[in-house]
Amino acid sequence: VDNITNYYALFAPQLLDSRYAQEIWSLFEDGLLHPDVELHGEFVDSDAPADVDGVMAEIKAALAEQEERQQRLRDAQEG
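What counts, and at which threshold
Residues numbered from 1 in each chain as written. Predicted model: local features only at pLDDT ≥ 70, side-chain atom pairs only at ≥ 80, totals over all residues. Heavy atoms only, no water. Helix = DSSP H or I, 4+ residues; strand = E, 2+ residues; numbered from the N terminus. Rg over C-alpha atoms; globule rule 2.2 N^0.38 Å. Buried < 20%, exposed > 50% of the residue type's maximum accessible area, 1.4 Å probe, protein only. Contact = heavy atoms within 4.5 Å. Areas by Shrake-Rupley, 256 points an atom, 1.4 Å probe, with all protein chains shown as cover. Patch = residues over 30% accessible without salt bridge, like charges linked within 9 Å, V, L, I, M, F, W, Y side chains within 5 Å. Salt bridge = Lys/Arg side-chain N within 4 Å of Asp/Glu carboxyl O. Phe/Tyr/Trp six-rings, centres within 6.5 Å; stacked < 30°, edge-to-face > 60°.

## Points about the overall build of the protein
Now for step 1: Of regular secondary structure, the protein possesses three helices and zero strands.
Now for step 2: When its helices and strands are written in sequence order, the protein yields α-α-α.
Now for step 3: The C-alpha atoms of the protein give a radius of gyration of 21 Å, which is well past the 12 Å a tight globule of 79 residues would have.
Now for step 4: Once the C-alpha set of the protein is aligned to its principal axes, its extents read approximately 65 × 30 × 25 Å.
Now for step 5: By the burial criterion, 10% of the 79 residues in the protein qualify as buried.
Now for step 6: Partitioning the intrachain contacts of the protein with sequence separation of at least 6 by distance along the chain shows that 6% fall at a separation of at least 24.
Now for step 7: Per element, the accessible surface of the protein, about 7,000 Å² overall, is 56% carbon and sulfur.

## Things to note about a nonpolar patch on the surface
Now for step 1: On the surface, a nonpolar cluster with roughly 610 Å² of combined accessible area is contributed by Ile-4, Tyr-7, Tyr-8, Leu-10 and Phe-11.
Now for step 2: Residue placement: Leu-10 occurs in the loop between helix H1 (2-9) and helix H2 (20-29).
Now for step 3: Under the relative-accessibility criterion, Leu-10 is labelled exposed at 64%.

## Describing the packing of aromatic side chains
Now for step 1: Scanning the model with the defined rule gives three aromatic pairs in all.
Now for step 2: An angle of 75° between the planes, with centres 5.1 Å apart, marks the rings of Tyr-7 and Tyr-8 as edge-to-face.
Now for step 3: Given a relative accessible area of 46%, Tyr-8 falls into the partly exposed group.
Now for step 4: The exposure class of Tyr-7 is partly exposed, given its relative accessible area of 46%.
Now for step 5: Following the ring pairs from residue to residue traces out a cluster consisting of Tyr-7, Tyr-8 and Phe-11.

## Re the pattern of salt bridges
Now for step 1: Across all of its chains, the model carries three salt bridges by this definition.
Now for step 2: Residue Glu-65 is joined to Arg-69 by a salt bridge in which the shortest nitrogen-to-oxygen separation is 2.7 Å. One end of the pair is Glu-65 and the other is Arg-69, both in helix H3 (residues 52-78) and four residues apart, which spans about a single turn.
Now for step 3: When the shortest N-O distance is used, the salt bridge between Glu-67 and Arg-74 registers 2.9 Å.
Now for step 4: Residue Glu-67 is classed as partly exposed on the basis of its relative accessible area, which comes to 40%.

The structure is reproduced here in structure tokens:
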């Protein structure tokens, strides 16, 4: 969305001060993004710390799941 905003800002410079990308992502994360949502281009950054440990746990779980899936495929091919 930032690329689109930058492009259209060539014709409407006031768009450079907008924060549509962040607004859209926030709505998506909250499950509130839908075709009829009215965007304003305004967004306030959160000062909450990132949950790095939670993200790393999700990544490790996904990697473990993928490894299990690959092992099942190897086992199926062998026998």
